[in-house]
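This is what each chain is made of:
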Amino acid sequence: MNPAISKADTAPQAAAALTPATALALPAPAAIATPDTAPLATQLAILQKAKDAPTSPSLVKTVLQRAFSLLGTPYRWGGSSPESGFDCSGLVGYVFRTIGIDLPRVSRAMADEGTKVASRDALAEGDLVFFGKRGHIDHVGIYVGEGKFVHAPRTGRDVTVSSLTNGYWAQKYLEARRLATGS
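Predicted model only: the values in this text are computed from it and were never measured.

Rules behind the numbers
Along each chain, residues carry numbers from 1 onward, in the same order as the chain's sequence is written. Under the rules for a predicted model, residues below a pLDDT of 70 receive no local features and side-chain atom pairs below 80 are neither given nor counted, while totals for whole chains, interfaces and linings still include all residues. Each side-chain value is derived from all of the structure's non-hydrogen atoms; neither hydrogens nor water enter the calculation. In this description a helix means any DSSP run of H or I spanning at least four residues, a strand means any run of E spanning at least two, and both kinds are numbered starting from the N terminus. The buried label goes to any residue with under 20% of its type's maximum accessible area, the exposed label to any with over 50%, and the partly exposed label to all in between, with areas taken from a 1.4 Å probe on protein chains only. Should any heavy atoms of two residues lie within 4.5 Å, those residues are counted as being in contact. All accessibility values rest on the Shrake-Rupley procedure with a 1.4 Å probe; residue burial counts only the protein chains present in the view. Here the term patch refers to residues with relative accessible area over 30% and no salt bridge, with like charges joined within 9 Å and nonpolar side chains (Val, Leu, Ile, Met, Phe, Trp, Tyr) within 5 Å. Criterion for a salt bridge: a side-chain nitrogen of Lys or Arg within 4 Å of a carboxyl oxygen of Asp or Glu. Two aromatic rings, drawn from Phe, Tyr or Trp (for Trp, its six-membered ring), form a pair once their centres lie within 6.5 Å of each other, and the interplanar angle then sorts them: stacked below 30 degrees, edge-to-face above 60, tilted otherwise.

### A short note on the overall build of the protein
No. 1: Along the protein, the regular secondary structure elements total seven helices and eight strands.
No. 2: Within the span of the protein, comprising 183 residues, buried residues form 36% of the whole.
No. 3: Taking contacts inside the protein between residues at least 6 apart in sequence as the whole, the part at least 24 apart equals 54%.
No. 4: On the protein, roughly 11,200 Å² of surface is accessible, and the fraction owed to carbon and sulfur atoms is 57%.

Structure below.
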């Protein structure tokens, strides 16, 4: 090495000479800890924890994506498929079946699933929200965040997003339930 050229002077040239293949072969700097550079026992513990977890946040994203993909599907009493249309519980049941969670057919029975959410302020994306009169549940939707939920409202309306914080649905809100979706 030429004594007039320091390591600092050659670093840009060395970095420019790296190709994606050679960069992958280089060890990660010791100061940067990632799951892949953790000791094998730690990596195994992380994998086991992920395997044992009942669900993941990606399931919530999948639920929301599936629900949003059904926006505009016509309401049909007793409907439970995109081809025939949906009623409220048919929509919710269909969306959750796509991620492997089977729910009862009617909203009143769905309200017995999962764990009760303490308050509206504690709602998380993917929670089931229930509505009704005089304490009797007769409608269900999927909370999507920011005070909104997706549902199949009634005859003559398509699957849509509505507000949980004002108007008709705010007055009819009864409770929410959280399923094992990682929310």
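There's more to say after this.
### Structural notes on a nonpolar patch on the surface
No. 1: The grouping of Phe68, Leu71 and Val161 at the surface amounts to a nonpolar patch, some 220 Å² of accessible area in total.
No. 2: Position of Leu71 relative to the elements: it lies in the loop between helix 4 (57-69) and strand 1 (80-81).
No. 3: Given the relative accessible area of 38%, Leu71 is considered partly exposed.

### Side note on the packing of aromatic side chains
No. 1: What the rule picks out here adds up to six aromatic pairs.
No. 2: Here Phe149 and Trp169 contribute two aromatic rings whose centre-to-centre distance is 5.9 Å and whose plane-to-plane angle is 80°, an arrangement assigned as edge-to-face. Within this pair, whereas Phe149 is found in strand 6 (residues 148-151), its partner Trp169 is found in helix 7 (residues 168-172), the two being separated by 20 residues in sequence.
No. 3: With relative accessibility at 0%, the residue Phe149 sits in the buried group.
No. 4: Geometrically, the ring pair formed by Tyr168 and Trp169 is edge-to-face, given 4.8 Å between the ring centres and 90° between the ring planes.
No. 5: Relative accessible area serves as the criterion here: at 15%, Trp169 is assigned to the buried category.

### Observations concerning unusual backbone geometry
Leaving glycine out, the prevailing phi sign among residues is negative, and the prevailing peptide bond configuration is trans.
No. 1: Phi is positive for Arg134, which is not a glycine, with a value near 45°.
No. 2: Its location among the elements puts Arg134 in the loop between strand 4 (128-133) and strand 5 (136-145).
No. 3: The exposure class of Arg134 is exposed, given its relative accessible area of 79%.
No. 4: In this model, Glu146 sits at a positive phi of 55°, which is unusual for a non-glycine residue.
No. 5: When you line up the elements, Glu146 lands in the loop between strand 5 and strand 6.
No. 6: We classify Glu146 as exposed; its relative accessible area is 81%.

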